[in-house]
Amino acid sequence: MTLHTRLKTAALAAGIALAALSLPAFTRQALADEQHFPLQSYRVGPYAAGGTGFFGGFIDYLNLINTRDGGVNGVKLTWSEAETQYEVERGVEAYERLKSHQGIAAWNPLSVGIAYAMIDRITADKVPLITINHGRTDSTDGRVFPYVFPLLLNPYSETSGIVNYIASKEGGLEKLKGKKIVVLYHGSPYGKETIPIYELLAQKYGFTLQQIEVPHPGNEQQSQWLTIRRAKPDYVVLRGWGVMNPVALKTAAKTGFPVDHIIGNVWSNSEEDVIPAGEAAKGYTAITTQASGADYPVVKEIVKTLYDQGKGNLEDKKRIGSVYHNLGIVNGILNVEAIRIAQAKFGKRTLTGDEVRWGFEHLQLDPARVEALGAKDLFHSINVTWDNHEGNGYVTFQQWDGTKWKVVSDWIAPDWALLRPIIEKSSEAYAAEKGIKLRTAADAEGVTN
Amino acid sequence: MTVAASETTASLLPASPLAPAVIKAAPLALLLVVAYGVIPFIGDSYLFEAILLPFLALSLAGVGLNLLTGYAGQVSLGSAAFMAVGAFAAYNFHLRVEGLPLAVAILLGGVSAAAIGLIFGLPSLRLRGFYLAVSTLAAQFFVQWVLTKFSWFSNQSASGVIDAPPLTLFGLTFEGGAGRYLFALVVVTVLTFLAARLVQSETGRNFIAVRDNETAARIIGIPVLRTKLLAFALSSFIIGVAGALWAFAYLRTVEPAGFNLDRSFQILFIVIIGGLASLRGAFFGAALIVVFPLILSRLGSLLLGDVFDSGVLDMTQRIVLGALIILFLILEPDGLVALWDRLRRRLQPGSRPA
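All values reported here derive from a predicted model rather than from experimental measurement.

Student: How should I be thinking about the overall build of chain B in this particular structure?
Tutor: Of regular secondary structure, chain B possesses 14 helices and four strands. A globule of 354 residues ought to have a C-alpha radius of gyration of about 20 Å, and chain B, at 20 Å, matches this closely. By its C-alpha atoms, chain B is 60 × 60 × 45 Å across when sized along the principal axes. A separation threshold of at least 6 residues defines the contact pool for chain B, and within that pool the share at least 24 residues apart is 77%.

Student: I'm lost on unusual backbone geometry in this one. Help?
Tutor: Note on backbone geometry: most residues besides glycine have negative phi, and most peptide bonds are trans. All names here are of chain A. Residue proline 217 is reached from histidine 216 by a cis peptide bond, and omega for that bond is -5°. Even without being a glycine, leucine 110 presents a positive backbone phi close to 55°. The residue leucine 110 is located in the loop between α3 (88–98) and α4 (112–125) in this model. Under the C-beta neighbour-count criterion, leucine 110 is labelled buried, with 30 such atoms within 10 Å. Here aspartate 377, not a glycine, exhibits a phi torsion of approximately 70°, which is positive. As for its position among the elements, aspartate 377 is in the loop between α14 (367–372) and β11 (382–383).

Student: Would you take a moment to explain the domain arrangement of chain A for this structure?
Tutor: For interface size, the figure often reported is the accessible area lost on association. Residue and element names in this part refer to chain A. For chain A, the assigned domains are domain 1 (34–153 + 293–394 + 426–445) and domain 2 (156–288). In this structure, domain 1 and domain 2 have C-alpha centres spaced 27 Å apart. Residue assignment for the side of domain 1 that touches domain 2 shows that the elements contributing at least two residues are α2 (48–69), α4 and α12 (323–346). Broken down by class, the residue content of the side of domain 1 that touches domain 2 amounts to eight nonpolar, seven polar and one charged.

Student: What is the right way to look at the sheet that holds strand β6 (residues 208–215) of chain A in this model?
Tutor: For sheets, the rule is that strands pair by backbone hydrogen bonds, running either parallel or antiparallel. All names here are of chain A. Across the sheet, seven strands lie side by side as β6-β5-β7-β8-β9-β12-β13; this open sheet has mixed pairing. The outermost strands of the open sheet, each flanked by one partner alone, are β6 and β13 (405–407). Between one strand axis and the next, the sheet turns by 25° as a mean value, whatever way the strands run. The sheet contact formed by strand β7 (residues 235–239) and strand β8 (residues 262–264) spans three bridges and is parallel. Each residue of the ladder has a partner; that of leucine 238, found in β8, is glycine 264. The strands that helix α7 (residues 195–205) touches are β5 (180–187) and β6; relative to β6, the one it contacts most, it runs at about 165°.

Student: I'm lost on α7(A) in this one. Help?
Tutor: Along an α-helix, residues three or four apart share an orientation, since each turn contains 3.6 residues. All names here are of chain A. Inspection of α7 places Ile195, Ile197, Tyr198, Leu201 and Ala202 among the buried residues, and these make up the whole buried set. The arc that holds every buried residue of α7, seen down its axis, measures 170°, which confines them to one face. Buried residues in α7 make contact with α5 (155–170), β5, α6 (189–192) and β6. Taken from the residues just after α7, glycine 206 is the one with a positive phi, measuring 75°.

Student: What should I look at first to understand the pairing of strand β2 (residues 76–83) of chain A in this one?
Tutor: Within a regular beta strand, the side chains point alternately toward one face of the sheet and then the other, so they alternate between its two faces. All names here are of chain A. Note: strand β1 (residues 34–41) against β2, eight bridges, orientation parallel. Paired with serine 41 across the two strands is glutamate 83, which belongs to β2. Assessed by its sense of winding, the connection that carries the chain from β1 through α2 to β2 is right-handed.

Student: In this structure, what is going on with the interface of chain A and chain B? I would like to understand it.
Tutor: Tallying the contact residues gives 35 residues for chain A and 30 residues for chain B. Among the elements of the structure, α1 (2–25), β2, α3, α4, α6 and α7 of chain A are those that each provide at least two residues to the side of chain A that touches chain B. Counting residues per element, the side of chain A that touches chain B draws most heavily on α1(A), at eight residues.

Student: Before we go on, may I ask you to explain the packing of helix α8 (residues 202–212) of chain B against helix α10 (residues 224–251) of chain B in this structure?
Tutor: The description of two helices packed together rests on the angle between their axes and the distance between the axes. Residue and element names in this part refer to chain B. As a packed pair, α8 and α10 sit with axes 10 Å apart at the nearest point and diverge in direction by 105°. Classed by the angle they form, the pair α8 and α10 counts as roughly perpendicular. Across the interface between the two elements, Thr203, Asn206, Phe207 and Val210 from α8 touch Val224, Thr227, Lys228, Leu230 and Ala231 from α10. Split by residue class, the contact of α8 with α10 holds five nonpolar, three polar and one charged.

Student: What is the right way to look at the UniProt feature "domain: Leucine-binding protein" (unreviewed entry) in chain A in this model?
Tutor: Summarizing the sequence annotation, UniProt attributes the feature "domain: Leucine-binding protein" (unreviewed entry) to residues 43–402 of chain A in the numbering used throughout. The annotated region residues 43–402 of chain A carries 42% helix and 14% strand content, and the separation between its end C-alpha atoms amounts to 26 Å.

Student: Explain the environment of Gly240(B) here, please?
Tutor: All names here are of chain B. Among the structural elements, glycine 240 can be located in helix α10. A tally of 35 C-beta atoms within 10 Å means that glycine 240 is categorised as buried. When the C-alpha atoms of glycine 240 and glycine 171 are compared, they prove to be 23 Å apart, with 69 residues separating the residues in sequence.

Student: Honestly, the environment of Asp295(A) in this entry has me stumped. Any pointers?
Tutor: Positionally, Asp295(A) belongs in the loop between β9 (285–288) and α11 (297–305). Sequence-wise, Asp295(A) and Asn219(A) are 76 residues apart; in three dimensions their C-alpha atoms are separated by 34 Å.

Thresholds applied
- Residues numbered from 1 in each chain as written.
- Chains lettered and ligands numbered in written order.
- Predicted model: local features only at pLDDT ≥ 70, side-chain atom pairs only at ≥ 80, totals over all residues.
- Helix = DSSP H or I, 4+ residues; strand = E, 2+ residues; numbered from the N terminus.
- Rg over C-alpha atoms; globule rule 2.2 N^0.38 Å.
- Contact = placed C-beta atoms within 7 Å.
- Buried ≥ 20, exposed ≤ 12 C-beta atoms within 10 Å, placed from the backbone.
- Domains from an automatic or database assignment.
- Nonpolar A, V, L, I, M, F, W, Y, C, P; charged D, E, K, R; others polar.
- Pairing = 2+ DSSP bridges.
- Axes fitted to C-alpha atoms, helices over the stretch in contact; angles between N-to-C directions.
- Arc of directions from axis to C-beta.
- Right-handed = clockwise from strand over helix to strand, strands pointing away.
- Parallel < 35°, antiparallel > 145°, perpendicular 65-115°, else oblique.
- UniProt positions renumbered as here; feature names shortened; annotations may be inferred.

And the structure:
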């Protein structure tokens, strides 16, 4: 017994000492001229498919730039990962753990919940927070949120794009009158973000709307789809995430709702959402900002430079060019180009977070530049300014044919003019509540080190 | 952190060898001096934001649940729900009542949690053990559903997320990691002190009597029903305040899903691992639950980070943590606090030889 206790005490003491020793190793200084990306990734848990694909693509692109170009103008790109499992507390812990690294370019948590918790913190740190294709909609307003960038597509633009697409299938916006649309949304901050904008568009275009929540993570939806069957809507918009999507498609098939009248949103548009649903997914259509497929020059180069050398980040090579992987690559392009643009102004060296923020606020990639980057048709273009942090991304629609996604529409522009006043109303209310002074163009040009 | 002498009598554990009161009070005083006088000046933001703030909030929730489960013997799986009630009620009181000091709002948040706790404690009058645990699950699901369903509770915020107000107490604003840590520390110290007084009092002895033998307690004239409801109310009050700390001092933002069943289990494990019927146990348990996964995760990524990706490491850490908890509970079923007491008895002068 005595020996027992002594052993336990010794083990405990050793554990504590080891932990204490390991702490300082993490605060090691960065080498000269590197730009760092702290990644709050999630490779396990219910959303692992999205996490591994997106962070895999992002890391692959950073790796490509390092291997092929030797970094951005000689500045190496580095990254470190901490697992969050899409949980806010773990995301905050990861932020605190990773933030002491030198030369942080931007944060990319890929989680609305974590992003919300970080807004105050990164604003104090003056480091950009990128929420590509998601995030807090009113952070589009750069006057109020200087460091938050819902790049390419904020949730309201996505909603507008989906409603416009349904209208085009029905033969024009005026034909929406009297139609019935059900929105099936994920019970999380991400899922709820679009509730008010759907209601507003329903009033504007005169369609009947019913919004139904699926509690996180969404692996049981029998009652929701029975409600839908009773409601007999013309369309169902699937605003899902992770395991919720294949379950929705399978349950729809079981309850007899036609799959070609289900429109998926931008987080319900991946191979991982449809393949597990099997036959039930055939004919399902979803919105996207970046096409899937491995035929784009940039994806081919990633395969040649990384995967053929055994240096790729995805474990399963079949996922190269999947929707999430390509989104990660596009996210990599946007981050790297923001650094490149900022370097042109501030010098080819490690930039501060605020300098990278300036770069994002001048992130203007027209279709010609996108083509030069090897991403023609992968995504359309982006045009970020100091007060428009979304950058007017275009969307397209793709249909699942049972083996791959097929693009079924042109690049469509959401109705930005309609959305901007709503966004400003919300962001101005936030500014008033928080006592934030609205930024001007001149403020945005000023950069602190 | 709490008065050690009170617990040994209250928890009916074998009393430790008599030692002068000074020696007994010294470790606690030293701890408080370090917590208030040293840590705020030397800690960095990682220590405050990632370790101490969640530790304090969960410790307080553990103290609350320990009153109910450890002392009064009523198992509850609804702790996260009471935390949510505390956080959202405090948020709404602060938002909707003009000029209400934050401290009062948090207090009212605790009172709201106590009221809800009282309602969901009513089944305890008829149910015991596992059946009661299942009925408190109802609180867990009901509260989360209400907070999600009615966006009034989150001030019509589109995503259902609330933003925490700045922390003020008696005109002082607590900003930054160190400030919020001090705020949380003050709240935790005061409530733990009150809880320690409570378990020493007649009410505390009634709790224990009801836990140990309900029939006997009724025969010697203890009002069993009132005692049980009181335990539910007081425990929920403390857990509610802990919820407000979790939302306002630690995360600075919160959504209803942040207070899910996992959190309830986490608090229950804190109480069990730390030691039932011991207020110190809640702190030990919270320290283990908060800090240990972080140490594992850091060690893992330091030693093996280049070999495996973070997902594999995370899975491995869960397995290691689970195995250690099982091992630990087999070796020391009375919790960390028992281990600590053994260690201290050995180190104290004049104690019996080991």
